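Spelled out from the first residue to the last, the chains are:
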Amino acid sequence: MNIAVILAGGSGYRLGDDIPKQFLKVAGKQVLEHTIDVFEGCAAIDEICVVSKPDYVAHVEELVVRNQYKKVKKILNGGKDRYESSLAAINAYTDDETNLIFHDAVRPLVSEHIIESCIKALQQFNAVDVAVKTTDTIVSVTPDECIDFIPNRSSLRNGQTPQCFKRGIIKKAYDLALADPNFATTDDCGTVRRYLPEEPIYVVAGENSNMKLTYIEDLFLLDKLFQLRTTSGNQKCLSPEAITGLQNKVLVIFGGSYGIGGEILKIAQGYNAHVYSFSRSQNNCDVSVNTNVREALRQVAEKEGRIDIVVNTAGILVKEALSSMSQTSIQNSLNVNLLGVINVAREAFPYLRKTRGSLLFYTSSSYTRGRMMYSIYSATKAAIVNFVQAIAEEWYGFGIRINCINPERTKTPMRIQNFGNEPEGTLLPAEDVAIVSLNTVFSTSTGEVIDVRRKK
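Since this is a predicted model, take the numbers as computed values, not measurements. (Residues numbered from 1 in each chain as written. Predicted model: local features only at pLDDT ≥ 70, side-chain atom pairs only at ≥ 80, totals over all residues. Heavy atoms only, no water.)

Residues Val139, Val141, Ile147 and Ile150 make up a contiguous nonpolar surface patch of about 340 Å² in total accessible area. Owing to a relative accessible area of 53%, Ile147 belongs among the exposed residues under this scheme. (Patch = residues over 30% accessible without salt bridge, like charges linked within 9 Å, V, L, I, M, F, W, Y side chains within 5 Å. Areas by Shrake-Rupley, 256 points an atom, 1.4 Å probe, with all protein chains shown as cover. Salt bridge = Lys/Arg side-chain N within 4 Å of Asp/Glu carboxyl O. Buried < 20%, exposed > 50% of the residue type's maximum accessible area, 1.4 Å probe, protein only.)

What follows covers the packing of aromatic side chains. This model, assessed by the stated rule, comprises 11 aromatic pairs. Aromatic side chains Tyr374 and Tyr377 sit 6.4 Å apart centroid to centroid with 50° between the ring planes, which places their arrangement in the tilted category. Residue Tyr374 shares its accessibility class with Tyr377, and that shared class is buried. Grouping aromatic residues by their ring pairs yields a cluster made of Tyr83, Tyr174, Phe183 and Tyr195. Directly above the aromatic system of Tyr93 lies the positively charged group of Lys74, at a separation of 5.2 Å from the ring centroid. (Phe/Tyr/Trp six-rings, centres within 6.5 Å; stacked < 30°, edge-to-face > 60°. Lys NZ or Arg CZ within 6 Å of the ring centre and 35° of its normal.)

The subject of this paragraph is the sheet that holds strand β4 (residues 47-52). Ordered by their spatial adjacency, seven strands build an open sheet running β5-β4-β1-β6-β10-β7-β11, and the pairing between neighbours is mixed. One side of each edge strand has no neighbouring strand; the edge strands of this open sheet are β5 (72-77) and β11 (202-205). Averaged over all neighbouring strand pairs, the angle between strand axes comes to 25°, with direction disregarded. With four bridges joining them, strand β6 (residues 99-104) and strand β10 (residues 157-166) adopt antiparallel strand pairing. Of the residues in β10, the one forming a bridge with Ile101 is Cys164. The strands that helix α2 (residues 57-67) touches are β4 and β5; relative to β5, the one it contacts most, it runs at about 170°. Running over the sheet, helix α3 (residues 82-91) touches β1 (2-8), β4, β5, β6 and β10 and is turned about 150° from β6. (Pairing = 2+ DSSP bridges. Helix = DSSP H or I, 4+ residues; strand = E, 2+ residues; numbered from the N terminus. Axes fitted to C-alpha atoms, helices over the stretch in contact; angles between N-to-C directions. Contact = heavy atoms within 4.5 Å.)

This next bit is on the nonpolar core. By size, the foremost hydrophobic cluster in this structure holds 36 residues, and its most contacted members are Phe254, Ile307, Val310, Leu359, Phe361 and Ile402. Elements that contribute at least two residues to this core include exactly β12 (250-254), β13 (274-278), α11 (290-304), α12 (327-355), β15 (358-362), α13 (375-394) and β16 (401-407). In terms of residue count, the dominant contributor to this core is α12 (seven residues). Dropping the residues within four chain positions of it, Phe361 is found in contact with Asn312, Val341, Val344, Ala345, Ile384, Phe387, Val388, Ile402, Asn403, Cys404 and Ile405. (Core = buried A, V, L, I, M, F, W, Y, C linked by side-chain atoms within 4.5 Å.)

Turning next to the sheet that holds β13. In any sheet, the strands associate via hydrogen bonds between backbone groups, in a parallel or an antiparallel arrangement. Spatially, the six strands line up as an open sheet ordered β13-β12-β14-β15-β16-β19, and their pairing is parallel. The open sheet has two free edges, formed respectively by β13 and β19 (449-452), since each of these has just one partner strand. The mean angle between the axes of side-by-side strands here comes to 20°, regardless of whether they run parallel or antiparallel. Here β12 pairs with β13 via five bridges, running parallel. Its bridge partner being in β13, Ile253 is matched across the sheet by Ser277. Each of β12, β13, β14 (309-312), β15 and β16 touches helix α9 (residues 259-270); the most contacted strand, β12, lies at about 165° to it. The sheet contacts of helix α15 (residues 430-441) involve β14, β15, β16 and β19, and relative to β16 the element is tilted by about 160°.

With that out of the way, let us pick up the environment of Gly190. Structurally, the position occupied by Gly190 is in helix α6 (residues 188-195). Separated by 95 residues in the primary sequence, Gly190 and Asp95 place their C-alpha atoms 22 Å from one another.

A few words on the pattern of salt bridges. For the structure on display, the rule yields 15 salt bridges. For the salt bridge of Arg82 with Asp188, the shortest nitrogen-to-oxygen distance reads 3.8 Å. Of the two residues, Arg82 sits in helix α3 while Asp188 sits in helix α6, which places them 106 residues apart along the sequence. You can call Arg82 partly exposed: its relative accessible area is 26%. Overall, Asp188 belongs to the buried group, its relative accessible area being 0%. Arg294 is the partner of Glu347 in a salt bridge, and the nearest nitrogen-oxygen pair spans 3.1 Å. Of this pair, Glu347 sits in helix α12 while Arg294 sits in helix α11, placing them 53 residues apart in sequence. Salt bridges sharing partners connect three or more residues here, namely Arg82, Asp104, Arg107 and Asp188.

Honestly, it's all geometry; don't read function into it.
This is the structure we're talking about:
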């Protein structure tokens, strides 16, 4: 039996935050939720045990219930030191052949590949660690901060987690450690290494993205890594979840008359979804007018009895220097590109709250850096990203998933109108963006920016 032990007893003092770092939010969820998600979705894991700070056990319980995790079977009180939290899990099980996979709650980007590699290694070894090659030169210093020696880094590794053991081995190591009056706190592999030196500890290759949240800067790195992890340019077909999920779902698309929205409409209809499209050209629905949005959603809900998914691809691009733009053009860009997003979100909320549905918006690569001739467009696209991340947190408790698609340059009528003809193969097909969009709608992601790129 493979049991993931998620160690969530740490504090946030190095981040300068009163909230323990495992409960901080990144990419729309608490860090601990992202970590549990990985093990919950890993077929090789049979059960999950969360070891928490005693004051936060109730919070973890609420988190588990809200997410409807099926594999979390134990939520235990941890201790002041890490080894005490490990012991809590060791003592919660009795079968010495059980595989205990200890993982830091604040490493939310651990991959299934690492987990599966660890479990495979446990077929041959009783103790397994995860580490990456050291890229920096390591120096050993004297008490007065002078270099003592510089080890050859070719054999050095930076340790990560999981650290994995047969329960009987790690239990034996800690029994010996606790009988030693000179026992000093260390990690689990260090305990095995010191007290069972004859027991080999196999090292599985880790990944640089499997980073640990330690300092405040790490929050920004994690957020970007989540974005890179969800880059989906090579998806050419719908996920099984999307194919199944689309059946008889009620989908409303604002901006569905052509381009990305039109492709989403065609694909969704092909899988028996009930799809409704609204746009200015199609049925005089202007997303910048909240009453237009409200009436469109009311009509669909009245006919279908519910709304499961709302997608807003409506947008305009005015490629012009700010000094020459008219006030009318500026206001129109702000109204459609930003106010329209706000209107769609506000009006969709009561319907998606009932169905625990999904909301999808679109940004542009220009959101990361304002560009000449794109000032208003870039500003609104950056605002959409921040809006999505904020609303994902506000509405998370209602079960509404909100994400943002960031497509590379895409072949749409809007782009052709502004750029003319461009070389074939340099633009992303709108159909590819539509596929990623629908896969995102039926994923567990929320508050994320999903890059979509051409296959190189």
